Amino acid sequence: PHWRPRTKDLVRKKIKKATNLLEVDTAHTGYNAGRTYVVKFDTARRCNEWMSKLRYYSRKRISRVQNKSGTEKRQEWARLFQKTPLYRQSIVCIIIANFLVNIIQA
């Protein structure tokens, strides 16, 4: 049966009492904004398999992030720069200037 806890404290109490549960806390600054996910497995073996896979892929991702190539570092910098208000305002100014130049030429 599916259950939906109302508060984080309730989740913690159920986790302490139940077995074969996997709790995943996400980063507050990440995509999932600090949410906690709880997955219930039918067997302890299956739960342990998932935990080992999660550990493996998280280690793999961490090593990939630490060993970025020069191109990947520049792409990350460009993505961060494109999210800044200065970049967006500059693009708006260029579009408006282009529009005005087209009106003057017409």
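As a reminder, the structure under discussion sits directly above these lines.
Everything numeric in this text was worked out from a predicted model, so none of it was measured. (Residues numbered from 1 in each chain as written. Predicted model: local features only at pLDDT ≥ 70, side-chain atom pairs only at ≥ 80, totals over all residues. Heavy atoms only, no water.)

Asker: I keep staring at the overall build of the chain and nothing clicks. Help me out?
Answerer: A count of helices and strands for the chain gives four helices and two strands. Going through the 106 residues of the chain one by one, you find that 8% of them count as buried. Working note: accessible area of the chain is about 9,800 Å², and carbon and sulfur atoms make up 58% of it. (Helix = DSSP H or I, 4+ residues; strand = E, 2+ residues; numbered from the N terminus. Buried < 20%, exposed > 50% of the residue type's maximum accessible area, 1.4 Å probe, protein only. Areas by Shrake-Rupley, 256 points an atom, 1.4 Å probe, with all protein chains shown as cover.)

Asker: Sorry if this is basic, but what is going on with the pattern of salt bridges here?
Answerer: Charged atoms that come close allow side chains of opposite charge to pair. As enumerated under the stated definition, the model contains two salt bridges in all. Its salt-bridge partner being Asp42, residue Arg46 comes within 4.0 Å of it at the nearest N-O pair. Exposure remark for Arg46: the relative accessible area of 40% places this residue in the partly exposed category. You can call Asp42 exposed: its relative accessible area is 63%. (Salt bridge = Lys/Arg side-chain N within 4 Å of Asp/Glu carboxyl O.)

Asker: Is there a simple way to think about the packing of aromatic side chains in this case?
Answerer: The geometry of an aromatic ring pair comes down to the distance between the two centres and the angle between the two planes. Here the structure, examined in full by the defined rule, presents four aromatic pairs. Ring geometry for Phe41 against Trp50: centres 5.9 Å apart, planes inclined by 40°, an arrangement best described as tilted. Relative accessible area serves as the criterion here: at 9%, Phe41 is assigned to the buried category. Each ring, one from Tyr56 and one from Tyr57, has its centre 4.9 Å from the other, and the planes form 70°; the classification is edge-to-face. Using a relative accessible area of 51% as the deciding quantity, one classes Tyr57 as exposed. Site record: aromatic cluster; members linked through ring pairs are Trp77, Phe81 and Tyr87. (Phe/Tyr/Trp six-rings, centres within 6.5 Å; stacked < 30°, edge-to-face > 60°.)

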